[in-house]
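Chain by chain, the residues run as shown.
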Amino acid sequence: MKKKIVIANDHGAIEIKNRIIQHLEKRGFEIINLGVDQDQSADYPDKAVEACNYFLNNNCEFGILCCGTGIGISIAANKVKGIRCALLSNSYTAEMAKNHNNANFIAFGGRIEYKDSVEDMLDKFIDTEFGGERHQRRIDKMMSI
Ligand code: RB5
């Protein structure tokens, strides 16, 4: 059975969402697309909550959220209990988001110019392992706040 990834976006991130889906399908994942497509508009907090609830009630590897900057939708996701959403800016933050923070969501901005491609950031996040040990202690503290 294919591993599942949930994704949601607002109108500020349709192109990047499509690029992400294409790449992840090529890598063999099943994508649950809860985002909007061409000519639709949405409020990013609603999209964040929909995707987080889907993630919490289904067996997903992780989730992805995209808005114009990635900021609003990641802030909203991080208010949902159990969610750790990392707003990525390059391949290094993609690696650390997994190795140190074991993020269960990552976020991107559709209106941001990244120095590393979104495909490279996705690969880095997926192919990095969580470091455990002291990082788990810090995550436990973070999640108990
Ligand atoms: C929507 O225009 C825009 O505000 C949203 O996509 C996002 O950038 C918010 O953080």
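Residues numbered from 1 in each chain as written. Predicted model: local features only at pLDDT ≥ 70, side-chain atom pairs only at ≥ 80, totals over all residues. Heavy atoms only, no water.

Chemist: Can you break down unusual backbone geometry residue by residue, with the values?
Modeler: Most peptide bonds take the trans configuration, and most residues that are not glycine carry a negative phi. Even without being a glycine, D39 presents a positive backbone phi close to 65 degrees. One can find D39 in the loop between β2 (30-33) and α2 (44-57). A positive phi angle, near 40 degrees, is found at N102, a position not held by glycine. Relative to the helices and strands, N102 resides in the loop between α4 (91-99) and β5 (105-109). (Helix = DSSP H or I, 4+ residues; strand = E, 2+ residues; numbered from the N terminus.)

Chemist: So what's going on with the sheet that holds strand β1 (residues 4-9)? Residues and values would help.
Modeler: Read from one edge of the open sheet, five strands run β2-β1-β3-β5-β4, paired in parallel fashion. This sheet does not close on itself; its edge strands, each paired only once, are β2 and β4 (85-87). Ignoring which end each strand starts from, the neighbouring axes of this sheet average 25 degrees apart. Taken strand by strand, helix α1 (residues 14-26) contacts β1, β2, β3 (60-67) and β5, and its axis lies near 170 degrees from that of β1. In this fold helix α5 (residues 118-127) packs onto β3 and β5, with an angle of close to 170 degrees to the strand it touches most, β5. (Pairing = 2+ DSSP bridges. Axes fitted to C-alpha atoms, helices over the stretch in contact; angles between N-to-C directions. Contact = heavy atoms within 4.5 Å.)

Chemist: Pulling in residues and values, what's your account of the environment of E15?
Modeler: One can find E15 in helix α1. The exposure class of E15 is exposed, given its relative accessible area of 70%. Here the alpha-carbon distance between E15 and I5, two residues ten residues apart in the chain, equals 18 Å. (Buried < 20%, exposed > 50% of the residue type's maximum accessible area, 1.4 Å probe, protein only.)

Chemist: Account for the site of the ligand, naming residues and giving values.
Modeler: Taken together, the neighbourhood of the ligand is formed by D10, H11, Y44, C67, G68, T69, G72 and R111. With respect to the ligand, the side chain of D10 contributes an N or O atom lying 2.6 Å from an oxygen atom. T69 places a polar main-chain atom, nitrogen or oxygen, 3.0 Å from an oxygen atom of the ligand. Residues that form the shell around the ligand fall into these classes: two nonpolar, four polar and two charged. (Near = heavy atom within 4 Å. Polar contact = N/O pair within 3.5 Å; in protein donor to acceptor, adjacent residues only side chain to side chain. Nonpolar A, V, L, I, M, F, W, Y, C, P; charged D, E, K, R; others polar.)

Chemist: Pulling in residues and values, what's your account of α5?
Modeler: By the burial criterion, the buried members of α5 are V118, E119, M121, L122, F125 and I126. One side of α5 carries all its buried residues, which in axial view fall inside an arc of 160 degrees. Among the structural elements, α1, β3, α4 and β5 are those in contact with the buried residues of α5. (Arc of directions from axis to C-beta.)

Chemist: I'd love a proper account of the nonpolar core, names of residues and values included.
Modeler: One finds I20, L24, I64, L88, I106 and F108 to be the most contacted residues of the largest nonpolar core, which totals 24 residues. Elements with a minimum of two residues in this core: β1, α1, β3, α4, β5 and α5. Every residue in contact with I64, bar those within four places of it in the chain, is listed here: I5, V6, I7, A8, I20, L24, F105, I106, F108 and L122. Among the nonpolar cores identified, the runner-up in size contains 18 residues, and C60, L65, V80 and C85 belong to it. (Core = buried A, V, L, I, M, F, W, Y, C linked by side-chain atoms within 4.5 Å.)

Chemist: Outline a positive patch on the surface, listing residues and values.
Modeler: Residues R134, R137, R138 and K141 make up a contiguous surface patch of positive charge. By secondary structure assignment, the location of R137 is in helix α6 (residues 134-143). (Patch = residues over 30% accessible without salt bridge, like charges linked within 9 Å, V, L, I, M, F, W, Y side chains within 5 Å. Areas by Shrake-Rupley, 256 points an atom, 1.4 Å probe, with all protein chains shown as cover. Salt bridge = Lys/Arg side-chain N within 4 Å of Asp/Glu carboxyl O. Lys, Arg positive; Asp, Glu negative; His and termini not counted. Charge placed at Lys NZ, Arg CZ, Asp CG, Glu CD.)

Chemist: Help me get a handle on the pattern of salt bridges, residues and values and all.
Modeler: Across all of its chains, the model carries six salt bridges by this definition. D123 serves as the salt-bridge partner of R27, at 2.9 Å between the closest nitrogen and oxygen. Of the two residues, R27 sits in the loop between α1 and β2 while D123 sits in helix α5, which places them 96 residues apart along the sequence. Take R27: its relative accessible area is 32%, and that puts it in the partly exposed class. Several salt bridges converge on common partners, so that one network encompasses R27, D123 and D127.

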